[in-house]
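The residues making up each chain are set out below.
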Amino acid sequence: MSTRAAIAKPYGDGWVGRYHHFDGYPAGLGATLWKTYHGHFKTDPDAMRRYFIDEEPIGWSSINGADF
C-alpha cells in the first residue's frame, strides 16, 4: 500500500510542489529529505528546492533509497 505525500514549498497564499507516491510518512520520505538536506545538498535549501520541485516536471514514485 502506498503512503502518498508531496514535496512542496510556500507559494503565494498556498503552496507548489511535486507528488511523491511511496513511503511518504516521516520515517520514510521525511528521513530521506533530512539525510539529503544534510548530506548531498550540504544544508542548501535553495538547491534542494530546485532539484526536488522546480526542475522536476512530473513528480516522484519514490526518492527513498536513491543514491544521491
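Since the structure is predicted, the reported quantities are computational estimates derived from the model, not experimental observations.

The next subject is the packing of aromatic side chains. Evaluation of the coordinates by the stated rule reveals 7 aromatic pairs. Arranged with centres 5.1 Å apart and planes meeting at 80°, the rings of Y51 and F52 form a pair that is edge-to-face. Overall, Y51 belongs to the partly exposed group, its relative accessible area being 33%.

Averaged over all residues, the pLDDT of the protein chain is 95; the fraction at 70 or higher stands at 99%. Within the protein chain, helix α1 (residues 26-38) carries the highest mean pLDDT (97), whereas strand β3 (residues 59-60) carries the lowest (91).

Attention now goes to the pairing of strand β1 (residues 5-11). Note that β1 and strand β2 (residues 14-20) share 7 bridges and pair antiparallel. Looking at β2, one finds that A8 is bridged to G17. Count of turn residues in the β1/β2 antiparallel hairpin: 2 residues, of which G12 carries a positive phi of about 60°.

With that out of the way, let us pick up the pattern of salt bridges. On inspection of all chains with the given rule, the structure shows 2 salt bridges. Where R49 meets D46, a salt bridge forms, and the shortest distance between an N and an O atom there is 2.5 Å. A residue pair is termed a helical-turn pair when its members lie 3 or 4 positions apart in one helix, as R49 and D46 do in helix α2 (residues 45-54) at 3 residues. Judged by its relative accessible area of 33%, R49 falls in the partly exposed class. Exposure remark for D46: the relative accessible area of 43% places this residue in the partly exposed category.

As a further point, take the side chain of T36. In this fold, T36 is placed in helix α1. A polar atom in the side chain of T36 sits 3.2 Å from the backbone oxygen of L33. Ignoring any residue separated from it by four or fewer positions in sequence, one finds T36 in contact with F41, K42, M48, F52 and F68.

In this section: the environment of I7. Relative to the helices and strands, I7 is located in strand β1. Residues I7 and G24 lie 17 residues apart in sequence; the distance between their C-alpha atoms is 9.3 Å. Leave out the neighbours within four places in its chain, and I7 touches V16, G17, R18, H20, L29, L33, F52, I53, W60 and I63.

Cut-offs and rules
Residues numbered from 1 in each chain as written. Predicted model: local features only at pLDDT ≥ 70, side-chain atom pairs only at ≥ 80, totals over all residues. Heavy atoms only, no water. Phe/Tyr/Trp six-rings, centres within 6.5 Å; stacked < 30°, edge-to-face > 60°. Buried < 20%, exposed > 50% of the residue type's maximum accessible area, 1.4 Å probe, protein only. pLDDT = per-residue confidence, 0-100. Helix = DSSP H or I, 4+ residues; strand = E, 2+ residues; numbered from the N terminus. Pairing = 2+ DSSP bridges. Salt bridge = Lys/Arg side-chain N within 4 Å of Asp/Glu carboxyl O. Polar contact = N/O pair within 3.5 Å; in protein donor to acceptor, adjacent residues only side chain to side chain. Contact = heavy atoms within 4.5 Å.

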